[in-house]
Amino acid sequence: MFERMKEKKKEVRVVRRIVFIIALVLLLIIGIAGFQTYNYISNALEPVDPDSEEIITVEVPIGSSLDSIAGLLEQNGVIADARIYKYYVKFKNESEFQAGTYDLVQSMTLDEITESLKTGKVYHEPLYTINVPEGLTVEEIAENIIAKKTDYTAEEFLEKIQDPVYIEELMVKYPDLLTDEILGDNIRYGLEGYLFPATYPVYEENPPLTVLIEQMLDTTQTNVMQYQPVLEELERSPHWLLTFASLLEEEATAQSDRQTIASVFYNRLEIDMPLQTDPTVLYAMGEHKDRLFNTDYEFEHPYSTYQNKGLPPGPIANAGVSSIEAVIDPAETEYFYFLADQEGKNHFAKTYEQHLVNRDKYIGN
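Residues numbered from 1 in each chain as written. Predicted model: local features only at pLDDT ≥ 70, side-chain atom pairs only at ≥ 80, totals over all residues. Heavy atoms only, no water.

Describing the packing of aromatic side chains
For the structure shown, the criterion picks out 10 aromatic pairs. Among the aromatic residues, those joined into a cluster by ring pairs are Trp240, Phe244, Phe265, Tyr266, Tyr335, Phe338 and Phe348. Directly above the ring of Tyr283 sits Arg188, whose terminal nitrogen or CZ lies 4.5 Å from the centroid. If you follow Arg188 out to its NZ or CZ, it ends over the ring of Tyr303, 6.0 Å from the centre. (Phe/Tyr/Trp six-rings, centres within 6.5 Å; stacked < 30°, edge-to-face > 60°. Lys NZ or Arg CZ within 6 Å of the ring centre and 35° of its normal.)

Considering the side chain of Asn358
Along the chain, Asn358 turns up in helix α15 (residues 352-362). Residue Asn358 is classed as buried on the basis of its relative accessible area of 13%. Residues contacting Asn358, with those up to four places away along its chain left out, are Leu339, His347, Phe348, Ala349 and Ile363. (Helix = DSSP H or I, 4+ residues; strand = E, 2+ residues; numbered from the N terminus. Buried < 20%, exposed > 50% of the residue type's maximum accessible area, 1.4 Å probe, protein only. Contact = heavy atoms within 4.5 Å.)

Side note on the packing of helix α6 (residues 154-161) against helix α8 (residues 209-224)
Here α6 crosses α8 at 65 degrees, and the two axes come no closer than 11 Å. In this structure, α6 crosses over α8, and the sense of that crossing is right-handed. Contacts between α6 and α8 pair Glu156, Phe157, Lys160 and Ile161 from the former with Leu209, Thr210 and Ile213 from the latter. Of the residues that constitute the contact of α6 with α8, the class distribution is 4 nonpolar, 1 polar and 2 charged. (Axes fitted to C-alpha atoms, helices over the stretch in contact; angles between N-to-C directions. Left-handed = near helix turned anticlockwise from the far one by under 90°. Nonpolar A, V, L, I, M, F, W, Y, C, P; charged D, E, K, R; others polar.)

Examining the confidence of the model for the chain
In regions of low pLDDT, the predicted coordinates are not meant to be interpreted in detail. The predicted model of the chain has a mean per-residue pLDDT of 87, with 86% of residues at 70 or higher. Confidence scores differ between elements of the chain, with helix α1 (residues 2-44) showing the lowest mean pLDDT of 62 and α6 the highest of 97. (pLDDT = per-residue confidence, 0-100.)

Observations regarding the environment of Phe196
Within the element layout of this structure, Phe196 appears in the loop between α7 (164-173) and β4 (199-202). The contact partners of Phe196, leaving out residues within four places of it in the chain, are Val132, Met216, Thr219, Thr220, Asn223, Asn318, Ala319, Gly320, Val321 and Ile324.

Section: the side chain of Gln215
Tracing the backbone shows Gln215 in helix α8. Here Pro201 takes part through its backbone oxygen, which lies 2.9 Å from a polar atom of the side chain of Gln215. Not counting chain neighbours up to four residues away, the residues in contact with Gln215 comprise Tyr200 and Pro201. (Polar contact = N/O pair within 3.5 Å; in protein donor to acceptor, adjacent residues only side chain to side chain.)

Considerations on the nonpolar core
Counting residues in each nonpolar core, the largest one holds 60 residues, and the members touching the most others are Phe157, Leu178, Ile213, Leu217 and Ile324. When residues in this core are grouped by element, the largest group, 7 residues, is from helix α10 (residues 238-251). Residues from two domains meet in this core; each of domain 2 (129-227) and domain 3 (232-363) gives at least three. In this structure Ile213 touches Phe157, Lys160, Ile161, Tyr166, Leu191 and Leu195, once residues within four positions along its chain are discounted. Counting 19 residues, the second-largest nonpolar core is a separate cluster that includes Val78, Ala82, Val89 and Tyr102. (Core = buried A, V, L, I, M, F, W, Y, C linked by side-chain atoms within 4.5 Å. Domains from an automatic or database assignment.)

So, unusual backbone geometry
Even without a glycine there, the phi angle at Asn93 is positive, about 60 degrees. By secondary structure assignment, the location of Asn93 is in the loop between α3 (82-91) and β2 (100-105). By relative accessible area, Asn93 is classed as exposed at 67%. With a phi angle near 60 degrees, Glu235 is a residue other than glycine that sits in the positive phi range.

Here's the deal with a negative patch on the surface
A grouping of Glu139, Glu140, Glu143, Glu155, Glu156, Glu159 and Glu250 is seen on the molecular surface, where their side chains present a negatively charged patch. Going through the elements one at a time, α5 (138-149) and α6 are the ones with two or more residues in the negative patch. If you trace the backbone, Glu139 turns up in helix α5. (Patch = residues over 30% accessible without salt bridge, like charges linked within 9 Å, V, L, I, M, F, W, Y side chains within 5 Å. Areas by Shrake-Rupley, 256 points an atom, 1.4 Å probe, with all protein chains shown as cover. Salt bridge = Lys/Arg side-chain N within 4 Å of Asp/Glu carboxyl O. Lys, Arg positive; Asp, Glu negative; His and termini not counted. Charge placed at Lys NZ, Arg CZ, Asp CG, Glu CD.)

Here we look at α8
Here α8 contains 16 residues, and its C-alpha end-to-end distance of 22 Å stays within 8% of the 22 Å for a straight helix at 1.5 Å per residue. For α8, every residue scored as buried is listed here: Leu209, Leu212, Ile213, Glu214, Gln215, Met216, Leu217, Thr220, Asn223 and Val224. (Expected span 1.5 Å × (residues − 1).)

Looking at the UniProt feature "site: Important for catalytic activity" (unreviewed entry) in the chain
On the UniProt side, "site: Important for catalytic activity" (unreviewed entry) is annotated at positions that read Glu251 here. One can find Glu251 in helix α10. Classification of Glu251 by relative accessible area gives buried; the value is 18%. (UniProt positions renumbered as here; feature names shortened; annotations may be inferred.)

Observations regarding the pattern of salt bridges
Two side chains with opposite charge may pair up if their charged atoms get near one another. Applying the stated criterion across every chain, the model contains 9 salt bridges. Glu214 is the partner of Lys173 in a salt bridge, and the nearest nitrogen-oxygen pair spans 2.7 Å. Separated by 41 residues along the polypeptide, Lys173 in helix α7 and Glu214 in helix α8 bring together distant segments of the chain. Lys350 is the partner of Glu334 in a salt bridge, and the nearest nitrogen-oxygen pair spans 3.6 Å. Here Glu334 is found in the loop between α14 (321-328) and β5 (337-340), whereas its partner Lys350 is found in the loop between β6 (346-349) and α15, with 16 residues between them in sequence.

As structure tokens, then:
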């Protein structure tokens, strides 16, 4: 009997050891599985490839559910796991995603992707930005912006924006903005004035010129076509608006009242009086001068508003928002003349005699 008890105890110890080993193995398996699951989820919450610059175009159809959007993103390699993205979005209580075409990259965070889908715009940390100030010509943009910020030369940029095939493609893409007016015989550059002044994000080390150009055109379309109803009422075109606004942009200084300058131009146009604005002469001559002489005003060119009545054939620079708004909503005045003093302050006059008095008072001979 003693031997039997001894054997039983031995069996109990073996069983306990087996149970302990099994429990340990199970805990180890659970731990490993948990660790792997944690790692998988953590990785799925991070960008797929933080160093990627490759653009992936994803088309989100109208009426897409969160499930289908998440599936599209996973299929295109923008996210690692559709289910985890779906739970992440629900946890953050995000909704109201917009249909559209999105140019996404694998280096985007889930928050950037979500924000893009909610707003209809791509939100992503750019590699660098390109700032295009107001009042620049396309030649100045080519030389001072593109050639300095990218690997393209000014000549390559100018060649691209004058490529007839590319211009035709752009006119198809922006039919309401780019009309046949940009193809006029006297137009120097078809896209002059259409490359909107703004700060543009760049997501590739050296993006195609078409990407840079069309970013600017997209912004122009947004800022100009909102006035389409007003332009239709005035029986005017976007080209007319940008041409008019470019004159204000070049005439204005930091202290200028664009709405009042616009009223001067409107008043002159109404009585068929030449606009006689110096920036058009400089643009016609294709050079910069601190001061114009009498012989310069006699320079014959389609863009010179001293030699021709009305607006020039096209914009002479890229106009900003304030200049565009001034054309749409000018001041109501009886002024026909203005000049800027040495401090940039404008002085307006109703008559030529008053204008001459202002000239002698604020500028001198």
